[in-house]
Amino acid sequence: MTHFVSHVSAEEERRVRANDREYNEKFQYASNCIMTSKYNIITFLPVNLFEQFQEVANTYFLFLLILQLIPQISSLSWFTTIVPLALVLSITAVKDATDDYFRHKSDNQVNNRQSQVLIRGSLQNEKWMNVRVGDIIKLENNQFVAADLLLLSSSEPHGLCYIETAELDGETNMKVRQSVSVTSELGDPNNLASFDGEVVCEPPNNKLDRFCGTLYWRDKKYTLTNQNMLLRGCVLRNTEACYGLVIFAGPDTKLMQNSGRTKFKRTSIDRLMNTLVLWIFGFLVCMGVILAVGNAVWEREVGSLFQSYLPWDPPVDNFLFSAFLSFWSYVIILNTVVPISLYVSVEVIRLGHSYFINWDQQMFCSQCNTAAEARTTTLNEELGQVEYIFSDKTGTLTQNIMSFNKCSINGQTYGEVTDPLGPQPKRLDFTPFNPLADPDFCFYDDTLLESVKVGDLHTHEFFRLLSLCHTVMSEEKSEGELVYKAQSPDEGALVTAARNFGFVFRSRTPGTITTIEMGRPVTYTLLAILDFNNIRKRMSVIVRNPEGKIRLYCKGADTVLLERLHPCNHELMNITSDHLNEYAADGLRTLALAYRDLSEDEWEAWSASHRCADKATDCREDRLAAAYEQIEQDMMLLGATAIEDKLQEGVPETIAVLSLANIKIWVLTGDKQETAVNIGYSCKMLTDDMTEVFIISGHTVQSVRQELRSEHVNGTGGGEGKQLQCPPPPPPPPPPPPSNLMDNISGEFALIINGHSLAHALEADMETEFVSTACACKAVICCRVTPLQKAQVVELIKKHKKAVTLAIGDGANDVSMIKSAHIGVGISGQEGIQAVLASDYSFSQFRFLQRLLLVHGRWSYLRMCRFLCYFFYKNFAFTMVHFWFGFFCGFSAQTVYDQYFITLYNIVYTSLPVLAMGIFDQDVPDQRSLEYPKLYEPGQLNLLFNKKEFFICIAQGIYTSVVLFFVPYAVLSDATQSNGVPLADYQTFAVTTATALVIVVSVQITLDTGFWTVINHVFVWGSLGSYFTIMFALHSQTLFRIFPNQFHFVGSAQSTLLQPVVWLTIALATAICIVPVLAFRFLKLDLKPQLSDTVRYTQLVRQKKRKPGRLGARGGSRRSGYAFAHQEGFGELITSGKNMRLSSLALATFASRHSSSWIDTLRRKKHTHAHTPPTGAETAVKITYY
Amino acid sequence: MGKEKAKSGSLARRPDNSAFKQQRLPAWSPMLTANTVLPFFYFMSLICMLLGVWLLLTVQSTQEIKVDYTHAGECNVCFEIRKNMSNAGESCICTVEFSIEKPFKGDVFFYYGLQNFHQNLRRYMDSRDDAQMVGWKENLKNPSIYCEPFKKDQNGLPIAPCGAVANSIFNDSFTLTYIDSSGTEHKVPLLRRGITWYTDKNVKFRNPKVDNLTLAQVFEGTTKPLYWQKPVYELDPHQATNNGFINDDLIVWMREAAFPNFKKLYGILYRANKPFTKGLPAGNYKIEISYNFPVQYFRGRKQVVLTTLTWFGGQNHFLPIAYLVTSSLILLIAVVLTVVWLKFGKNGKNMEE
């Protein structure tokens, strides 16, 4: 494992020389081999044991074991400890080994992927793990990038290449990377082999969007930025091949640096349990001290006199030393208050709960054929305590599929609401009308198609605009089979809609756009693209149609666009505005469309000013914007589009139910603010009923602080002075609903914060301010956040709120968040399985979260709490009897019970009923917990098992132990059998007490069990049966004959249990133990019933099913959906022709049916015939990616 | 059916729809309602009361007398003698007198009792070798390490039976005499056999295999415990079969008491002859005690207990009284619960309405 040789730890800067392994090896950079596994065959045993003994409990039991080997203090046989300890250690070891085996497998799988490395001028296949820093590797289309590379050259013109970074940051749109111009010319391997440039750059870090370095080559310096880098985890798209120089490899890559360290997660119950165990140790020591003092006194007063019958052991020469030994002896005896079986049982219960999660049919997604999976088995009960959910957006809340849903053309709205209850409207079939239609496109309103067919001018112009005004690239794989490469899925949806309605965008060159309008090819001259940016929130194209008319087409956010319309549009604008409001209320993303006719003179004049602005060296951006502004005026409104960012099934309902359960949901997304806000609205996290939506988007510390403060004031002071900057202002707040007083006082607020502002807000001095503001809000959305920031937000809440957090996401960008939250949930969707691999639970639909939390989590928590309460109770009842006996046996550490009983009590006699309860118990059925989300609250408030509950259990246990000791003592000390033999002998007493104990704790478990399945019956009765069977076996003649010294209780069982007195004693003790508990529980149920009790009580009463969610807000605020994942700069790229293939440029002049890209595709197929990457194969690759 | 499902593509990984896996097993969910709890309490109270009364009546029918002879009367002399270890060999016999008001009817059991003698100390209890006493030859000659320091004597001879328990055997012996109204003394016949558990006598304690040898020969090479006057094979001079490890008194002693104050069975009245056919008649009695067992070291006391029995055992007032008290407490609780339920009970219904 070369990785073990750690490279220079504090790397100041990195120097990499291409094609020079000797030189690079000097620095001992990490190789490209990744290792996430912990052990290998040799190190497994020692390392694993070492780790296990770091657990306090294990060490404690080891210590006890050692104590037991000292004859002077051994009050119990060694096997009472070693059997359970060995059991625990081996179970854990097997589990760790299996986990690690799978990690090895996945590491190997990744490390052994093939990549083509340029070695001595020729391309050779190498495994990923053998790739070194400084190597030049070749990547082909749809391949994963093996390491962080400096892009040297590409098959595409201008050294461009396209990548998809979904694995890295979750964004599914394509990004462009460009090589430094000097290296882009090094086309073929021979040139590259002689390339000996040296890169000096920053040391490995986790900043995904930043890279700074310098390339020194042929005595010249070239600045390198993130634009030149291909990061590990990206996938090469639309690029035939490219070459890159490995800069960071393996653990140094940004992907691995971002993935964070795997933390061992513990639940709060675990931590509480550890605290309690420590307290119990303290208690144990106290008991030991008390008994040791007792022993000292006794030995001095009585024992010393008794020496003629029992002299002190040789090392003991005075009562103090005897007390010292007695202390340790009692530590051994009383150790069963923290039995090692506690930890095993907890593990078993959790395992059982995990299986139930895996088996749940209602969390099985039949579309993707995946069942829910509990990947870790240690966190189940924490699922019942979640207070904060941090959710990714893309792929988690949404399907990341955009669909053209509705439109408004010239005051007429099209597109029906698909009513889930009514008859499914017929999906339009476009094929007879338009052979080029995309078969996957769905639209349900045939009036629109009719309108197109009858040749309505507005409708035609509407779709013409959609087919022209965009930055989509097209590719024709074969005749008529168009594939659009859209930067953002929204734009793709719009162009596809136009395509289906007969306005097919076919191909483009830097200066032309070819479309097929109603079956007729038309080529427009593209005069200018007025590109999109965040401030403009619109884009326009200026085209000259074949008739020579110049027209500007503009689409953009309604707020911006409606201001720039010609006054004559007033009426239409009002109608369209109403439509837009309607669409927005449905959570759709809207865009308004407009055009403007330009005369030749206007165009010339503007063109000149535009050129002038374009050439300006200073403030080019501003000047361009001003120029654009100038021409985008007096436009004529065409209509509006509404796109649905398809939410996953049941998302709003799930969110509503979870909020009812008092869980706060934060959305953390790498996406744009507008997108995030839109989704917030469509999944009902944000509603128009909200008093205010705060937006924080300051770029400096001061501005962020100021924004935070003012909002804090607003939030508490009642909401004046709107801070809204970016999105359209919400309509005046509706009159507050008179229902809830609390809401009236505090109001409902939402907070939206941008990534760069978040960076400031997360700084130490602003943290608390941010947390208090954010937590006062009902919904929080963080947009444009990096993976690391997601984790930081989670950490922040963990730190300040002491609440249980859950992170849910589907992409590699969510991994750090998933790892740092208490519970990480991975959505096994399309974006690879990075998130799933890092997660604790995985399933394929966001909506399963409600079942996971409200049903499984709640049950797990309930069961675990009941289990722990009972467990501590039964062990105190069991152990404390020794304490009382100490006062009668001269504090000599004599046990009350037979040693076999002590060994078996926790493992056999009482383990299964409580396990059955811990695994199967239910207070209310699953449907009820979904119907009454409030049932989830006890978990969040930690009501079922806390320190108070613990003390109650302990008190009950001690009470039971008192009864169990003193009742038999009082009865037996003076009783005789019916044949005159006294019953006061030790063995009879031991058997009586043990039997009473087993019966009392069995009765107690029957009281605690709320859900009696067959298994519970079998286990409870079986345990009782096994107690008697085993006791009779251990007290049998056969065993005694073989081992007389070990089984000297021979005959005790039958002799004792035949006595009516003994049974009367047991019955009395049971009654005294149980009656107060029963009375107390009845009183509690009668006077202070919990919600769950009530639900149970009214179980049979059929309740009207409450349907959460879908309480849609009327008159929603409009939210622009323009170019959601859009990036500035594509327009320029198109007009400059940079991203056009040479071949397509050459062929563009034809502008004929035989599209350039069709030939292009053919050419490519010849080259790399092995590469036909259907999406299925892509996912297959992704699945194996780690 | 399952196979077919597995084949059908998209649902191949669908979890089974079994009641167990879907957590829908038919189950009984009991709830503590007033209808069940309150009657149960009253019922319990009633049962406890009936039991208590019955037991009390039973206990009342037994008779018991305890005579502490530690330094009563002339035994005081013996007590003083035993104070000195050097007089251990010296025998001392004393007599204690007592009278019975009412005749003891039926079987009468004779116990000796010890107070403040800790048979339940951990090291004391461990200090025995059951393998030796079940007659294992190798343990006879080489007793368990647990017997230390009573494993071997100064000469290195193994002790049989070894250990502190056997070593400290109670070795007073008693002769009970009835003095009738005419002044005639009748020796009260005591059965000294059948005073042990059946399993002890027949399983747990066995002599080493004799094979034509006498018991004394079998025990050759071992020595008697330090405090004993006679070797184990001469414990009962009257009955040869009651010697060695199966001696009843030894077995009784070896069954360690759970508490420092205990009594052990010494003998049972033999009722074949007059005047004891119906039990012990009322009148004066005296016990002749061979006073050997020293108790003054540990401030102990010795007593003799005579008692009659019922099915339930000897006189034991705790159990009936405990039952009666419990019964009344349960009744009290039941009444309180009923009142609370009637007055304040929410019956689990009116939550959050």
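Analysis parameters
- Residues numbered from 1 in each chain as written.
- Chains lettered and ligands numbered in written order.
- Predicted model: local features only at pLDDT ≥ 70, side-chain atom pairs only at ≥ 80, totals over all residues.
- Heavy atoms only, no water.
- Helix = DSSP H or I, 4+ residues; strand = E, 2+ residues; numbered from the N terminus.
- Buried < 20%, exposed > 50% of the residue type's maximum accessible area, 1.4 Å probe, protein only.
- Contact = heavy atoms within 4.5 Å.
- Areas by Shrake-Rupley, 256 points an atom, 1.4 Å probe, with all protein chains shown as cover.
- Domains from an automatic or database assignment.
- Salt bridge = Lys/Arg side-chain N within 4 Å of Asp/Glu carboxyl O.
- Polar contact = N/O pair within 3.5 Å; in protein donor to acceptor, adjacent residues only side chain to side chain.
- Nonpolar A, V, L, I, M, F, W, Y, C, P; charged D, E, K, R; others polar.
- Pairing = 2+ DSSP bridges.
- Expected span 1.5 Å × (residues − 1).
- UniProt positions renumbered as here; feature names shortened; annotations may be inferred.
- Axes fitted to C-alpha atoms, helices over the stretch in contact; angles between N-to-C directions.

Here's the deal with the overall build of chain A
(1) Moving on: In terms of helices and strands, chain A carries 43 helices and 33 strands.
(2) Moving on: Here chain A holds 1186 residues, and 61% of them are scored as buried.
(3) Moving on: For chain A, the share of sequence-separated contacts (at least 6 apart) that also reach a separation of at least 24 residues comes to 75%.
(4) Moving on: Here chain A has roughly 45,700 Å² of accessible surface; of this, 59% comes from carbon and sulfur atoms.

A closer look at the domain arrangement of chain A
Accessible area lost upon the coming together of the parts serves often as the stated size of an interface.
Residue and element names in this part refer to chain A.
(1) Moving on: Taken domain by domain, chain A comprises domain 1 (14-19 + 131-259), domain 2 (364-396 + 647-714 + 745-853) and domain 3 (402-418 + 427-615 + 623-646).
(2) Moving on: Computed from C-alpha atoms alone, the centre-to-centre distance between domain 2 and domain 3 is 34 Å.
(3) Moving on: Counting residues at the interface gives 9 residues for domain 2 and 7 residues for domain 3.
(4) Moving on: Here domain 2 and domain 3 share 0 salt bridges between them.
(5) Moving on: At the boundary of domain 2 and domain 3, one finds 0 residue pairs in polar contact (both at pLDDT 80 or more).
(6) Moving on: In terms of residue class, the side of domain 2 that touches domain 3 is built from 2 nonpolar, 4 polar and 3 charged.

Topic: the sheet that holds strand β7 (residues 190-191) of chain B
Within a sheet, adjacent strands bond to each other through the backbone by hydrogen bonds, running parallel or antiparallel.
Residues and elements named next belong to chain B.
(1) Moving on: As summarised here, the arrangement of the 5 strands in space is β1-β11-β4-β8-β7, forming an open sheet in which the pairing is antiparallel. With one partner strand each, in any of the chains shown, β1 (64-68) and β7 form the two edges of the open sheet.
(2) Moving on: Pairing of strand β4 (residues 108-115) with strand β8 (residues 262-269), which is carried by 6 bridges, proceeds in the antiparallel orientation. Bridging from a neighbouring strand, glycine 113 pairs with lysine 263 of β8.

Focus on helix α35 (residues 1014-1034) of chain A
Residues and elements named next belong to chain A.
(1) Moving on: Compared with an ideal rise of 1.5 Å per residue, which puts 21 residues at 30 Å, α35 spans 29 Å between its outermost C-alpha atoms and is within 8% of the ideal.
(2) Moving on: Along α35, the residues classified as buried are Asn1016, Val1020, Ser1023, Leu1024, Ser1026, Tyr1027, Met1031 and Leu1034.
(3) Moving on: Contacts from the buried residues of α35 go to α29 (899-909), α30 (911-920), α34 (986-1008), α36 (1037-1042) and α37 (1052-1057).

Some details on the interface of chain B and chain A
(1) Moving on: Taken together, the 100 residues of chain B in the interface contact 101 residues of chain A.
(2) Moving on: Put simply, chain B and chain A have 2 salt bridges between them.
(3) Moving on: Between arginine 255 of chain B and aspartate 985 of chain A there is a salt bridge, and its shortest N-O distance comes to 2.7 Å.
(4) Moving on: Linking chain B with chain A are 25 residue pairs in polar contact (both at pLDDT 80 or more), by the criterion used here.
(5) Moving on: The set of elements that each furnish at least two residues to the side of chain B that touches chain A consists of α2 (34-60), β4, α4 (122-126), α5 (130-133), α8 (198-204), β8 and α11 (318-344) of chain B.

Things to note about the UniProt feature "active site" (unreviewed entry) in chain A
Residues and elements named next belong to chain A.
(1) Moving on: Residues given the UniProt feature "active site" (unreviewed entry) here are Asp392.
(2) Moving on: As for its placement among the helices and strands, aspartate 392 is situated in the loop between β15 (386-391) and β16 (398-409).
(3) Moving on: Residue classification places aspartate 392 among the buried residues on the basis of a relative accessible area of 3%.
(4) Moving on: Once residues lying within four places of it in the same chain are set aside, the contact partners of aspartate 392 are Leu397, Leu668, Thr669, Lys790, Ile808, Gly809, Asp810, Asn813, Asp814 and Met817.
(5) Moving on: Among the polar contacts made by the side chain of aspartate 392, one reaches the side chain of lysine 790 at a distance of 3.3 Å.

Remarks on the sheet that holds strand β8 (residues 198-201) of chain A
All names here are of chain A.
(1) Moving on: Pairing is antiparallel in the open sheet, where 4 strands are placed in the order β1-β8-β9-β10. At either end of the open sheet lies a strand with only one pairing partner, and these are β1 (14-17) and β10 (220-224). For this sheet the average axis-to-axis angle between neighbouring strands, irrespective of direction, equals 20°.
(2) Moving on: Bridge count for β1 against β8 is 4 bridges, and the pairing is antiparallel. Note that in β8 the partner of arginine 17 across the bridge is glutamate 198.

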